[in-house]
Amino acid sequence: MWRRSFSSSTATATLKGKKWDALIIGGGHNGLTAAAYLARGGLSVAVLERRHVIGGATVTEELVPGFKFSRCSYLQSLLRPSIIKELELGKHGLKLLKRNPSSFTPCLDGRYLLLGPDKQLNHSEISKFSLADAEAYPRYESQLENFSKFMDLVLDSPPPESVQHKASINEKLKNKIQNSVFWASCLRHVSSLGQKDMVDFMDLLLSPASKVLNNWFEADVLKATLATDAVIGSTASVHDPGSGYVLLHHVMGETDGDRGIWSYVEGGMGSVSKAIGNAATEAGAHIVTNAEVSQLLIENSSTVCGVTLADGTEVHSSIVLSNATPYKTFIELVPDDVLPDDFVRAIKHSDYSSATTKINVAVDKLPEFRSCKLDHPHAGPQHVGTIHIGSESMEDIHSACQDAANGTPSRRPVIEMTIPSVLDKTISPPGKHVINLFVQYTPYKPLDGDWQDHDYRESFAKKCFTLIDEYAPGFSTSIIGYDMLTPPDLERIIGLTGGNIFHGAMGLDSLFLMRPAKGWSNYKTPLQGLYLCGSGAHPGGGVMGAPGRNAARLALQDVREKI
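For the chain, an unreviewed UniProt entry supplies the name Pyridine nucleotide-disulfide oxidoreductase domain-containing protein 2 and the organism Vigna unguiculata. Per UniProt, the chain carries the Function (unreviewed entry) text "Probable oxidoreductase that may play a role as regulator of mitochondrial function." In its Subcellular location (unreviewed entry) section, the UniProt record describing the chain reads: "Mitochondrion matrix".

Quick notes on the overall build of the chain
Assigned secondary structure in the chain consists of 17 helices and 20 strands. In terms of overall size, the chain behaves like a compact globule, its C-alpha atoms giving a radius of gyration of 23 Å where 563 residues would be expected to give roughly 24 Å. With respect to the principal axes defined by its C-alpha atoms, the chain has extents near 70 × 55 × 50 Å. With 563 residues in all, the chain has 59% of them scored as buried. Restricting the contact set of the chain to residue pairs at least 6 apart, pairs at least 24 apart contribute 73%. Carbon together with sulfur atoms contributes 51% to the accessible area of the chain, which is approximately 22400 Å² in total. A gap of 5 Å separates the mean positions of the 54 positive and 61 negative side-chain charges of the chain.

Overview of the pairing of strand β1 (residues 19–25)
One face of the sheet, then the other: side chains in a regular strand alternate in exactly this way. The buried fraction of β1 is high, at five of seven residues. Pairing geometry for β1 and strand β14 (residues 314–322), over six bridges, is parallel. In the strand pairing of β14, Trp20 is matched with Ser317. Where β1 meets strand β2 (residues 45–48), four bridges bridge the pair, whose relative direction is parallel. Bridging across to β2, Ile25 finds its partner in Leu48.

Brief notes about a nonpolar patch on the surface
A contiguous nonpolar patch, built from Leu173, Ile177 and Val181 and spanning about 280 Å² of accessible area, is present on the exposed surface. If you trace the backbone, Val181 turns up in helix α6 (residues 169–193).

Side note on the domain arrangement of the chain
It is common to report an interface's size as the accessible area lost on association of the parts. Each assigned domain of the chain is listed here: domain 1 (8–95 + 266–350 + 505–562), domain 2 (137–258) and domain 3 (356–494). Contacts between the two partners involve 28 residues from domain 1, matched on the other side by 24 residues from domain 2. Carbon and sulfur atoms supply 56% of the area that domain 1 and domain 2 bury against each other, a total of about 2100 Å² over both sides. Counting the contacts that link domain 1 with domain 2 gives three salt bridges. Lys174 is the partner of Glu561 in a salt bridge, and the nearest nitrogen-oxygen pair spans 2.2 Å.

What to know about unusual backbone geometry
With an omega of 0°, the peptide bond running from Asn100 to Pro101 counts as cis. Checked against the element boundaries, Pro101 lands in the loop between β5 (96–98) and β6 (103–106). Of note, the bond from Gln440 into Tyr441 is cis; its omega dihedral lies within 30 degrees of zero at 10°. Topologically, Tyr441 is positioned in the loop between β18 (433–440) and α15 (454–471). The phi torsion at Glu88 lies on the positive side, around 50°, for a residue other than glycine. On the accessibility criterion, Glu88 (40% relative accessible area) is partly exposed. Although it is not a glycine, Ser301 adopts a positive phi angle of roughly 70°. Looking at where Ser301 falls in the secondary structure, it is placed in the loop between β12 (293–299) and β13 (303–309).

Overview of the pattern of salt bridges
All chains considered together, the criterion is met by 21 salt bridges. A salt bridge links Lys95 to Glu266; the nearest nitrogen and oxygen atoms lie 3.7 Å apart. Here Glu266 lies in the loop between β10 (263–265) and α11 (270–282) and Lys95 lies in the loop between α3 (81–86) and β5, a separation of 171 residues in the sequence. Lys95 sits in the partly exposed class, given a relative accessible area of 44%. Classification of Glu266 as partly exposed rests on a relative accessible area of 30%.

Considering the pairing of β14
Here three bridges tie β13 to β14, and the two strands are oriented antiparallel to one another. When the sheet's bridge partners are listed, Thr308 is paired in β14 with Glu314. In this structure, the hairpin formed by β13 and β14 is closed by a connection of four residues, where Gly312 is found at a positive phi of approximately 95°. One ladder, built from three bridges, connects β14 with strand β20 (residues 530–532); its direction is parallel. Pairing of Ser322 across the sheet is with Leu532, part of β20.

Here's the deal with the state of the cysteines
Under the definition given, this model contains zero disulfides. A disulfide-free cysteine, Cys305 has its sulfur positioned 18 Å from the sulfur of Cys533, the nearest such atom. Here Cys401 is not disulfide-linked; the sulfur of Cys464 is the nearest cysteine sulfur, at 16 Å.

Procedures and definitions
Residues numbered from 1 in each chain as written. Predicted model: local features only at pLDDT ≥ 70, side-chain atom pairs only at ≥ 80, totals over all residues. Heavy atoms only, no water. UniProt positions renumbered as here; feature names shortened; annotations may be inferred. Helix = DSSP H or I, 4+ residues; strand = E, 2+ residues; numbered from the N terminus. Rg over C-alpha atoms; globule rule 2.2 N^0.38 Å. Buried < 20%, exposed > 50% of the residue type's maximum accessible area, 1.4 Å probe, protein only. Contact = heavy atoms within 4.5 Å. Areas by Shrake-Rupley, 256 points an atom, 1.4 Å probe, with all protein chains shown as cover. Lys, Arg positive; Asp, Glu negative; His and termini not counted. Charge placed at Lys NZ, Arg CZ, Asp CG, Glu CD. Pairing = 2+ DSSP bridges. Patch = residues over 30% accessible without salt bridge, like charges linked within 9 Å, V, L, I, M, F, W, Y side chains within 5 Å. Salt bridge = Lys/Arg side-chain N within 4 Å of Asp/Glu carboxyl O. Domains from an automatic or database assignment. Buried area = accessible area lost by both parts, 1.4 Å probe. Disulfide = S-S within 2.5 Å.

Following this line, the structure appears as structure tokens:
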């Protein structure tokens, strides 16, 4: 794990001994990204991380002796190519391990489905269930890839927000010109798509994932495998309008230029944060762990001038960027009666609900799947990608969601299993493996028990292991140890309000110009000098880095205009 690789709380004297140009609240990957860009822009920057380790939810921790886990986030694809290139993350230690095949779905009837970047494999595998689907799948992939290219402009740009304060005529004119350039670029992209594709794009954005997939395919197992991408990390069902948008995530990212390819990271996901942190440190940023921010310092009722740490230390700065959730930032860190009432209401009533539980497991052998006994002495193709457990149809996913909607954890949870140690030999002892289980749906406050109750927690973990046993007999007996993060744990340990891994829901009502609140989508806030740079800002969650990069570039522009 990455413990105090940079600075520790013993640097308090250094922190308070000067006025910084910029402070970053939270050393998650977005905060570190913002720090790197600000430091490269010539600003003096300090990152204040509450925990003993940097990374936030993008972290590697040794939870069982000898086993290093990507404790929260567990796959890489969405990290913006511009960030990897501009910060030279390869030089700073980032090594991506491509997965091929990328997914495996075992079935209780003895069949299975493998999918990946190999088009011939996909055709062969899907044909086992439907020849028509095998023929349609490349067109489906191509359409989503085409739509995701349209999204690149949106992801890498601040939203075209209106001026939020009293401004000069020149400032208003500049804002109008910038916004016009953005919308003109969008129109060019729209015209290049053509009307039919644009209608299909809008259908994808607004429709339930089930409608989109039913229009494309007939085989239940294929639709279920793809549908998990539409509900990942949310409380939504595949039948909820707008869930189709999240399907884009399965091709929106890329690995080394290959669009839609998800990868493991050597050393775990903490290596992403470490590489960005190294880039920030090289540029001159000062990263401090065990430094919890308790409150923002405000002068003249509307201007941020620094922060107060939990130990009472005041650290002063010209600007502050918060990598914390919108709720944490504006409701818990900003003093009362400073922010406009309508803004506070919007932040308080945003959707921070979560149905996600992460279980990290150390095992003494690979799972042997009943349906896929391929002739491989060690790891086979079925172990390389994401393994979909308990979701052989979209109705399986919907039923699991309904359980949580009724207040109880899913009777048959939807589980995404990954085994990064198959490709990454640095994270587990020889012959043993690290297994990540991303589990849905688990309500924050179940009606039939309490997540603080050890027996209740253990019974749910065993329910998940028993479900896996149905597909891979003997899995439960291979477990050496495990760590489980329920929604309240994700909130308490990682700082994710409500346990929401995206810092807030990713519905169409909370994206783009609506994120984190209407009128405040361009990283600025009602407090002068305070910016939001985490996943609660545009373009949202995932290990993307875009909020951090976009916010830092905007803050740099504001700083330079004042000079």
